[in-house]
Every structure is written in C-alpha cells, then in structure tokens.
Amino acid sequence: MRIDLIFGRKKEWIVAIITAFLASPATSQEILYNLVDTGVLNHSAHGQGIEMRIKPSSMPQGGLSGSVIEEAMVHICRHYAPSVIPFVTKQADIADPNFVAVRIISGNGIFGSYVLQAFTIENGTCGSEL
C-alpha cells in the first residue's frame, strides 16, 4: 500500500482536526464577567444592600469555589459598583444601603449555583469584604 494513499484519504480529517484545534478558544482565554441583573438584597447578616448578579462567559479552572473567582470578586465589584450603586438607590428608593454584593452565577433559573461576596460601600464603590 502506498503511503500517499493513506495520507491522501485522511487528509480531509487531518485538515479538519487542525482547523478545529486552531479555531477553539485557548484555555487561558480571558473570561468576561457580565452584569446580568441588579437590585436590592435583604441579607440575614448584613441587612439591606445592593446586589449585582454576574455571569462569566466561561467558568474558570476551579469553578465557583476556585481562587480565580475569589480573586476576581473585588475587581468585578469595583468595576460595576460606581454605576450600579446610584442606579439602584434611585430606582429602588433605598437611601443608605449597608453593603454591595457580587453574586456570580452559573447555570440557569432552574438549575445552577452561585457564590456571593458582600463588601462595604466606600466612596461610591466597593470597600473591604464583609
């Protein structure tokens, strides 16, 4: 059997595999954290505050309980809080919220999970963790 016939028949498969591999996103691809909802949150320990629901474009290594999410929470909060805090306080008529929280969600309305971190409000943005 000629070797060029073996590779000739599998040529389409090799090209397809290489194309799929190169077109697939890299594992170190940047994750986008999108604000999907916001509102008032009544928390049993912290009182009444503002919640920001965030949905990542893909789940980082370690999932919701991993260090990537844990380290990203404060940055996500500081990114969205300056526009979310005045919006929610005006729309929901909440004069002095006790905290602002980031809830990162995974899944949909029926099945899913989340992680929540609350922060103090300092100078119109997120302060220290509660």
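As a starting point, this report considers the structure included with it.

Take the pattern of salt bridges next. Under the criterion given, the structure shown has two salt bridges. One salt bridge in this structure joins glutamate 51 and arginine 53, with 2.8 Å as the shortest N-O distance. We classify glutamate 51 as buried; its relative accessible area is 6%. For arginine 53, a relative accessible area of 32% gives the class partly exposed.

Attention now goes to the pairing of strand E1 (residues 33–43). Note that E1 and strand E2 (residues 47–56) share ten bridges and pair antiparallel. Bridged to aspartate 37 within E2 is arginine 53. Between E1 and E2, which follow one another and run antiparallel, lie three residues.

Further remarks concern helix H2 (residues 67–91). Compared with an ideal rise of 1.5 Å per residue, which puts 25 residues at 36 Å, H2 spans 34 Å between its outermost C-alpha atoms and is within 8% of the ideal. For H2, the full list of buried residues reads Ile69, Ala72, Met73, Val74, Ile76, Cys77, Tyr80, Ala81, Val84, Ile85, Val88 and Thr89. Among the structural elements, E1, E2, strand E3 (100–107), strand E4 (112–122) and strand E5 (125–129) are those in contact with the buried residues of H2.

So, about the sheet that holds E3. Either a parallel or an antiparallel arrangement is found when strands of a sheet pair, and the pairing is made through backbone hydrogen bonds. Spatially, five strands are ordered E1-E2-E3-E4-E5 in an open sheet, and the strand pairing comes out mixed. The open sheet has two free edges, formed respectively by E1 and E5, since each of these has just one partner strand. Direction aside, neighbouring strands of the sheet carry axes that sit 40° apart on average. In this sheet, E5 lies alongside E4 in antiparallel orientation, the contact comprising three bridges. Bridge assignment links isoleucine 121 to a residue of E5, and that residue is cysteine 126. On top of the sheet, H2 reaches E1, E2, E3, E4 and E5; it is set at about 70° to E1, its chief contact.

About the thresholds
- All residue numbers refer to position in the chain's written sequence, counted from 1.
- This being a predicted model, a pLDDT of at least 70 is required before a residue's local features are given, and a value of 80 or more before pairs of side-chain atoms are given or counted; all residues contribute to the totals for chains, interfaces and linings.
- The side-chain quantities take in all heavy atoms of the structure and omit both hydrogens and water.
- A carboxyl oxygen of Asp or Glu within 4 Å of a side-chain nitrogen of Lys or Arg is what we treat as a salt bridge.
- Three labels apply to residues, based on accessible area from a 1.4 Å probe with only protein chains included: buried if under 20% of the type maximum, exposed if over 50%, partly exposed otherwise in between.
- Note on pairing: two strands pair once DSSP finds at least 2 bridges between them.
- Working definition: helices are DSSP H or I runs of at least four residues, strands are E runs of at least two. Numbering for both runs from the N terminus.
- A helix is expected to span 1.5 Å for every residue after the first.
- It only takes one pair of heavy atoms within 4.5 Å for two residues to be counted as in contact.
- To define axes, lines are fitted to C-alpha atoms, for helices over the stretch in contact only, and angles between the resulting N-to-C directions are given on a 0 to 180 degree scale.

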